[in-house]
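# Report on the structure
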Amino acid sequence: MENFTYCTPTKLIFGKNAIEQLPEVMRPLGRKILLTYGGGSIKKIGLYDEVKRLLSDFEIYELPGIEPNPKYSPSVLDGVRLCKDNGIEAVLAVGGGSVLDCSKAICAGALYDGEPWDLISYQVKAQKALPLVDILTLAATGSEYDCGGVISRTETNDKIGYMDELLFPVASILDPRYTFSVSRKQTAAGTADAINHIMEQYFCEKHSVLTDGMCEAAIKSLIQNARVALEEPDNYEARSELMVDCSLACNGILSIGNSPSGWPCHGMEHALSGYYDITHGEGLAILTPRWMRHILNEKTIERFVSFGVHIFGIDASLPEAEIADQTIEKTYELFASFGIPMHLREVGIDDTRLSEMAHHIAVNEGLEHAWAPLQEQDILEILQASL
Ligand code: NZQ
Ligand code: ZN
């Protein structure tokens, strides 16, 4: 194993009625709270009213309307302004990954005198941040259990992953029933996102029996439970496992002691949603099998064989090249079976800006240092194969 330091200070409060603990979680953090949320799903499921009832003796300010692929302007800037103008002491994010990510950037920006983009773009390291608590409503990104956020800046097509240990949530409230209302599309995309998070950690140079086993178990759980949840959206057990799988998939525990992979599919997907504002998990599902096909070679084949045998039950006695081939096919079929559109054209991306995106990715994502290195031409070929 490689050397590592691991620490996730976030308290996970999981299960039916976990929200009852909200007042005691918030009380030590302050009385002036900024409540952040998205386009209205939390009102439809009654969660907004529940939060207001439980926090009736707090002073609550609100930032509604946080967009999927959250935008620096207006959402992050509006949130920072609200915090500064009102002396906000803590942020409560209620929603999916976009609401949580935006709230993390707000927590850092609120205690910084300059332009918040300085922090997001790593020009300046934050010295402090407001505390964040969240109530998760969509199992996908793992933002509830990591210190990262992804923020888009429309005018430059930038979509930047921003991480800072100050931004781990203090606590995340996980009641799977809040995810019963998540649409088929978002359930499928969220599962694909989490599966890809794990693949980004599995396809690397140095791994262990322990990390391979954890990754394989988590992917199997995601596949089995997504199949159930897509048919029975209010199946509590299926939604429970999906929620916990997703929380664990992105915080590093599943690849503890592994060597880094460079997260190539994420590097490429950030440009797709930065340029075209598509759903993150769909972009990943489209790219993943094409990336696999592109990087398959003598050096990488062992990972394909292991993945195919353990995840899809492919016959281990077949020639390695055949196993690898089937692994790629079955990965494609898996995402397609969730109902995900599997071509860029189906999500509104044609060939007009592929070269520009490939260049943007090559300049900004450092994928030439990935486990399977990608130069600009490689990236362009993967995008072209994804059309
Ligand atoms: O805005 P509302 O009305 O809440 O609707 C949302 C949104 O339209 C809806 N939704 C959420 N909970 C719901 C619900 N609809 C019905 N019932 C519910 N209970 O779902 C839509 C998508 O929400 P969003 O938060 O955008 O989805 P997701 O959680 O997949 O987050 C995607 C964002 O997270 C970033 C992605 O790049 C993308 O910007 N990521 C964050 C990561 C992290 N922090 O570690 C890692 C990931 O790799 C990812 O990059
Ligand atoms: Zn992701």
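Preceding this paragraph is the structure being described.
Now for a description of the structure that goes with this document. (Residues numbered from 1 in each chain as written. Chains lettered and ligands numbered in written order. Predicted model: local features only at pLDDT ≥ 70, side-chain atom pairs only at ≥ 80, totals over all residues. Heavy atoms only, no water.)

### Re the overall build of the chain
Rule in force here: Note on conventions: DSSP H or I runs of at least 4 residues are helices, E runs of at least 2 residues are strands, and numbering of each starts at the N terminus. Based on C-alpha atoms, the radius of gyration is set beside the globule rule, defined as 2.2 Å times the residue count to the power 0.38. Each residue is assigned to one of three classes by its accessible area relative to the maximum for its type, calculated with a 1.4 Å probe on protein chains only: buried under 20%, partly exposed between the two thresholds, exposed over 50%. By definition, residues are in contact when any of their heavy atoms lie within 4.5 Å. All accessibility values rest on the Shrake-Rupley procedure with a 1.4 Å probe; residue burial counts only the protein chains present in the view. His is not counted, nor are the chain ends, whereas Lys and Arg count as positive and Asp and Glu as negative. Just so you know, the charge point we use is NZ for Lys, CZ for Arg, CG for Asp and CD for Glu.
From N to C terminus, the chain includes 15 helices and eight strands. Its C-alpha atoms give the chain a radius of gyration of 20 Å, within 12% of the compact-globule value 21 Å for 387 residues. On the principal axes, the C-alpha backbone points of the chain span a range of 65 × 45 × 40 Å. Taken over 387 residues, the chain has a buried fraction of 57%. Put simply, 78% of the contacts in the chain that link residues at least 6 apart link residues at least 24 apart. In the structure as shown, the chain presents an accessible area of about 15,600 Å², 51% of it carried by carbon and sulfur atoms. The distance from the centre of the 31 positive side-chain charges to the centre of the 55 negative ones in the chain is 6 Å.

### As for the coordination of the zinc ion (ligand 2)
Tetrahedral coordination by four donors sets the ideal angle at the metal to 109.5 degrees; octahedral coordination by six donors sets it to 90 or 180 degrees. Where we set the bar: Ligating atoms shown are N, O and S within 2.8 Å of the metal, or 3.2 Å for Na, K and Ca, and water is not included, meaning a site may look less than complete.
Surrounding the zinc ion (ligand 2) are the protein donor atoms Asp193 (OD), His197 (NE2), His266 (NE2) and His280 (NE2), which sit 2.0 to 2.2 Å from the metal. Of note, the donors binding the zinc ion (ligand 2) are all from one chain and are spaced D-x3-H-x68-H-x13-H. One end of the pair, Asp193, is in helix H7 (residues 184-202); the other, His280, is in helix H11 (residues 280-295), with 87 residues separating them in the sequence. Residue Asp193 is classed as buried on the basis of its relative accessible area, which comes to 2%. The class for His280 is buried, based on a relative accessible area of 16%.

### Some points on the sheet that holds strand S3 (residues 59-63)
Strand pairs in the sheet, formed through backbone hydrogen bonds, run parallel or antiparallel to each other. To be explicit about the condition: A pair of strands counts as paired when DSSP detects no fewer than two bridges linking them. Angular values range over 0 to 180 degrees, each being the angle between N-to-C directions of two axes fitted as lines to C-alpha atoms, with helices fitted over their stretch in contact.
Strand order across the open sheet formed by six strands is S1-S8-S5-S4-S2-S3, with parallel pairing between neighbours. Where the open sheet ends on each side, the last strands, each with one partner, are strand S1 (11-14) and S3. Each strand axis lies, on average, 20 degrees off the axis of its neighbour in the sheet, ignoring direction. The pairing of strand S4 (residues 90-95) with strand S5 (residues 132-136) spans five bridges and is parallel. Within the sheet, the bridge partner assigned to Val94 lies in S5 and is Ile135. Of the strands in this sheet, strand S2 (32-37), S3 and S4 touch helix H4 (residues 72-86), which is tilted by about 160 degrees from S3. Across the sheet, helix H9 (residues 236-249) lies against S1, S5 and strand S8 (171-174), angled at about 175 degrees from S1, the strand it touches most.

### What about the packing of aromatic side chains?
We count it as follows: Any pair of Phe, Tyr and Trp rings, taking the six-membered ring for Trp, is counted once the centres come within 6.5 Å. Such a pair is stacked with planes under 30 degrees apart, edge-to-face with planes over 60 apart, and tilted for the rest. Only lysine NZ and arginine CZ atoms are considered, and such an atom sits over a ring when it is within 6 Å of the ring centre and within 35 degrees of the ring normal.
Tallied over the full model, the rule gives 10 aromatic pairs. Judged by centre distance (5.3 Å) and plane angle (80 degrees), the ring pair of Phe203 and Phe304 falls under edge-to-face. One end of the pair, Phe203, is in the loop between H7 and helix H8 (209-231); the other, Phe304, is in helix H12 (residues 301-312), and 101 residues separate them in sequence. By the ring-pair criterion, three or more aromatic residues cluster together here, those being Tyr202, Phe203, Trp291, Phe304, Phe307, Phe312 and Trp371. Over the face of the ring belonging to Tyr236 we find Lys16, whose NZ or CZ atom lies 4.3 Å from the ring centre.

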